[in-house]
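Structure at a glance
Here is how the chains run, residue by residue.
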Amino acid sequence: MSEKAPLLHYRLTTSGPEPTDGSKHGRAKVGRGGRGSGEKPARKLGVVFGVITPTLLSMFSVVVFLRVGFVVGQAGLYQSIAMFLVAYIIITMTVLSVCAISTNGALDAGGAYYMISRALGPEFGGSIGIMFFFANVCGSALYVLGLVEAIMSVFGIPEEGGAASAGPHQVLPSGYLWSVLYGTGLLFLCFLVCLVGAHIYAKAAFIIFIIVTTVLVSIFISFFIVRPVGLVLPDTSVNSTSLTIANFTGFRLHTLQSNLLPSYTVDYTTGAMMNFATVFAVMFNGCTGIMAGSNMSGDLKNPSYSIPRGTIAAVLITFITYNLLSLLAAWSCDRCLLQKDYSFLGDINIWSPMVTVGVYSSTMSAAMSNLIGASRILYALAKDNLFGGVLALARKTSRSGNPWVSVLVSWLLVQVVLFAGKLNTIAGIVTIFFLLVYAAVNLACLALEWASAPNFRPSFRCFTWHTCTLGIIGCLVMMFLISAIYAFASIAFMLLLLMLIHYLGPISNWGYISQALIFHQVRKYLLMLDVRKDHVKFWRPQLLLMVANPRSSTGLMTFINDLKKSGLYVLGHVKLGLLDGLPSDPLQSCYESWLSLVDHLNIKAFVNLTLADSVRHGVQNLLFITGFGYGLDTVCLTKDPTEQRSPFFPSVRGAEEDKDLQEEEYVSLIADAVKMGKNVTLARYFDQFNREEVLGSGRKIAGHQSMTGPFVDVWPLNLLQPDSHGYVDICSLFLLQLACVLQETRTWNQARLRLFLCVEAGCRLQEEEETKLRVMLKKLRISAQVQMVTWDEVVALHWQRRGGREKGNLAECAQSEEKMEQEERAQKEDGNEMFPNNAAQLTEEYICAVNNLILRHGAPRPAVRFLYLPRPPADLNRYRAYLHQVELLSRDLGPTLLIHGVTPVVTTDL
């Protein structure tokens, strides 16, 4: 039990992907420290050492010592307090989000990256993780360069006057290369501390924290015990040697009153005119260290306990400290002193070198904090394998669990950034990167809250979607306030990384917040669909394609995807069997294969599988349950020799189930669908359909390349009922609508519709029917080529069979049309509609003649044909003959859809 407990604990508290590189990098090794024994390295840090100390040091850094007077001197006490309130409202909203996410489950190494990636998915997590890594790298270089500048200001030999004008303590050579050399030495010292491990850094940081705290205490004491004194400040104007006197007055009401209102002037270090935005941007740099404790999440004993308490405590302490220092400075220092001497805290201290020690210590600690934070983020990215083998080496850890390779890589990158040479060169982008990460944390918490996932129940509940939204807005506003160019560049860089990971990264098992949000919104809008508000002018197809053999149906599946016109498209499949006696549902293991097929074909379709004792019962089940709002409206069946079997996908069904679908059952599927008010489409010969060839750049005709699009042939007359001459019934209009829908899709917009009108030579209704059809097409805004087809000889075969008329009597078609319209009206008025008896005795000779007629008028060969499918007969004994007639009608026509429509789908109204 003792040997397996650590591994068990790891599995329960880690949600990252398992490694796939065998025993060399086993689960325990990749996930937690790389020790071959599989034991998890001990986490040693608590609230104080792991969270409060690094967060306080990162937030204080040099701002508390060198920029508090600058803020008060430029903005005045009122606006200074307002700035701190605004800044801390922003970071407090972010802290609340951090606390909520960190208390919602086990938190591993990676800090903010781990939170964002597990909440928003690998795309957002990886892109923000990379940016957070670079932010920490640049931040570490920023603090090292700041420390170098602070050292050179005291110990550096002035470049202008040289050694002759140097003071007794100014012994260090100055210059760009010397500054880089000093920064390299200081960075190497930070690297050695971080290389030993996080626990050594925590101890070193705690020592520095004691020093900084002592310095701050001495500053507060100095305000009360140091007597008023006048300080001599050199004039910063060009070619001037005059001196300016600035007073430390002690606590005087007059001094406080003079410092209440803003008095923006030129910054003596940069020569730029200050305003509210520029001062606020400088001040906000001291508030961007709230993630320092979260970055230590992989080394904390209990991250869910330590991060909320430690981060909130650090934020409160810094807020109180900044405001107290602002009040004391405004109450005791002349405005001139605050504006002209940013290091005045050292000048009025009881022991002046103490402030210098505080500046050096806090800056060194902040540099180490960012370095170790960058290494932990890089290690987490490598462990999650988002970038393949690029970061494989960064997974290596020491026996104690320290990711030494990540520390090494981070140190080298910081060294590269050091060559920038100046702090102000990288200060803006560092702050913006941090703000973008904070905005992403708020976004992650907001998405989890909006998704209303039952498993999102953090123990920390002091947040709402309002706090998350306020945090996002505040961070984005601050980004553009500091630098619009850097803000745009960082967001563009993040989006680029997001797309790269989306298309190149592996699929994770962390869960995607996008799926939860989509479900939440789709459910809400589905409930708003009301069948009573449906209107025919907004009709769109909702198609159920019954697929028996996916391997032989790829052409049909891609074609129906083009036919759906942004409607619902469902792939249905029936597996024969019953749950009785089975240990589990056999369909569950099939869904992944079907979804992989959908991805492979790049079609927008759902998959719906069912288990039934017969195909007919299975299709009935799917027709009952499939559809949005008012339900499914069209079912598509296949009628090809390769499609009469229903093998299990991807394996083969057992021998006892390998039986053909009987003709009677197949026609029953059509009859059932019509009874349920569904449109029916039978697809034939789509195993010959090649979408790429049909939709190519042109069609080869007579050896020449033509840029004309493919043809789509439409035969709207019921060819199996030659008595009828009506072209404007519901079925023919539905058939015409589907053909038009296909033509309007982006990939088929070059297709040309050919509408074939069957007439009799010399019939007095020929011109009337053509005119009527063209008027209808114009009203329906359908562009089609109308072709007149004389079929006297074909129809004569039918009438000769019946023996009642001769060819010359066919002109009496008006009476037949009126009769058919009366029958249609009677059927619509009857609630229990019966199928027509279809008593006409159609011979194979007649049907073959119709088939030849279609073939003769199909030059050039169309990409697909749309034919009128008659209702199944009411007599069950005629099912076999009905199916045989349909087969003869469509034989060798190539890709063909036989359509029977029962749904009104067109309107001429606006």
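Higher on the page you've got the structure.
Everything quoted here is computed from the prediction, not taken from an experiment.

**So, the overall build of the chain**
Each helix and strand counted, the chain has 31 helices and 14 strands in total. The buried share of the chain, reckoned over its 910 residues, is 53%. Within the chain, counting contacts between residues at least 6 apart in sequence, those at least 24 apart form 80% of the total. Working note: accessible area of the chain is about 41200 Å², and carbon and sulfur atoms make up 60% of it.

**Observations concerning the side chain of Ser117**
Relative to the helices and strands, Ser117 resides in helix H6 (residues 112-120). With residues up to four places along the chain from it excluded, the contact list for Ser117 reads Pro122, Gly125 and Trp510.

**Section: the packing of helix H8 (residues 176-196) against helix H15 (residues 353-384)**
In contact at an axis separation of 10 Å, H8 and H15 are set at 55° when each is read in the N-to-C sense. Put simply, H8 runs oblique to H15. Crossing of H8 against H15: the hand is right-handed. Listed contacts from H15 to Leu186, Leu189, Cys190, Phe191, Val193 and Cys194 of H8 are Met364, Ala367, Met368, Leu371 and Ile372.

**Overview of the packing of aromatic side chains**
The full count for this structure, using the stated rule, is 26 aromatic pairs. On the numbers, 5.1 Å between centres and 65° between planes, the contact of Phe251 with Trp331 is edge-to-face. Of this pair, Phe251 sits in the loop between strand E2 (243-248) and helix H10 (253-258) while Trp331 sits in helix H12 (residues 303-332), and the two are 80 residues apart along the sequence. The exposure class assigned to Phe251 is partly exposed, which follows from its relative accessible area of 24%. Given the relative accessible area of 32%, Trp331 is considered partly exposed.

**Structural notes on the environment of Leu545**
Within the secondary structure layout, Leu545 lies in strand E3 (residues 542-546). Exposure remark for Leu545: the relative accessible area of 1% places this residue in the buried category. In this structure, the C-alpha to C-alpha distance between Leu545 and Leu556, residues 11 residues apart in sequence, is 9.0 Å.

**Observations regarding a nonpolar patch on the surface**
Where nonpolar side chains cluster on the molecular surface, the patch consists of Phe134, Phe493, Leu496, Met499, Leu500, Tyr503 and Leu504 and spans about 740 Å² of accessible area. Broken down by element, the residue count for the nonpolar patch peaks at six residues, all from helix H19 (residues 484-504). Examined against the element boundaries, Phe493 turns out to sit in helix H19.

**Description of the pairing of strand E6 (residues 634-638)**
Counting buried positions over the five residues of E6 gives five, a clear majority of the element. The side-chain alternation of E6 yields two buried faces, one formed by Thr634, Cys636 and Thr638 and the other by Val635 and Leu637. Alignment of E3 against E6, held across three bridges, turns out to be parallel. What sits directly across from Leu544, in E6, is Val635. One ladder, built from five bridges, connects E6 with strand E7 (residues 679-684); its direction is parallel. Bridge pairing in E7 links Thr638 to Ala683.

**Section: the packing of helix H7 (residues 122-155) against H15**
Where H7 meets H15, the axes come as close as 8 Å, and the angle between the chain directions of the two elements is 160°. Classified by the angle between their axes, H7 and H15 sit roughly antiparallel to one another. Viewed along their axes, H7 and H15 form a crossing whose handedness is left-handed. Class assignment for the residues of the contact of H7 with H15 results in 22 nonpolar, nine polar and no charged.

**Considering the sheet that holds strand E13 (residues 864-868)**
In space, the 10 strands of this open sheet follow the order E5-E4-E3-E6-E7-E14-E13-E10-E11-E12, with mixed pairing throughout. Two strands close off the open sheet at either side, each with one partner strand: strand E5 (606-612) and strand E12 (785-790). Geometrically, the sheet is characterised by an average inter-axis angle of 25° between neighbouring strands, direction not taken into account. Packing against the sheet, helix H26 (residues 730-744) makes contact with E6, E7, strand E10 (711-715), strand E11 (752-759), E13 and strand E14 (896-900), and its axis sits at approximately 165° to E13.

**Details of unusual backbone geometry**
Here the bond from Ala859 into Pro860 is cis, since omega is -10°, no more than 30 degrees from zero. A positive phi angle, near 60°, is found at Tyr685, a position not held by glycine. Mapped onto the secondary structure, Tyr685 falls in the loop between E7 and helix H25 (691-694). You can call Tyr685 buried: its relative accessible area is 11%.

What counts and what doesn't
- Residues numbered from 1 in each chain as written.
- Predicted model: local features only at pLDDT ≥ 70, side-chain atom pairs only at ≥ 80, totals over all residues.
- Heavy atoms only, no water.
- Helix = DSSP H or I, 4+ residues; strand = E, 2+ residues; numbered from the N terminus.
- Buried < 20%, exposed > 50% of the residue type's maximum accessible area, 1.4 Å probe, protein only.
- Contact = heavy atoms within 4.5 Å.
- Areas by Shrake-Rupley, 256 points an atom, 1.4 Å probe, with all protein chains shown as cover.
- Axes fitted to C-alpha atoms, helices over the stretch in contact; angles between N-to-C directions.
- Parallel < 35°, antiparallel > 145°, perpendicular 65-115°, else oblique.
- Left-handed = near helix turned anticlockwise from the far one by under 90°.
- Phe/Tyr/Trp six-rings, centres within 6.5 Å; stacked < 30°, edge-to-face > 60°.
- Patch = residues over 30% accessible without salt bridge, like charges linked within 9 Å, V, L, I, M, F, W, Y side chains within 5 Å.
- Salt bridge = Lys/Arg side-chain N within 4 Å of Asp/Glu carboxyl O.
- Pairing = 2+ DSSP bridges.
- Nonpolar A, V, L, I, M, F, W, Y, C, P; charged D, E, K, R; others polar.

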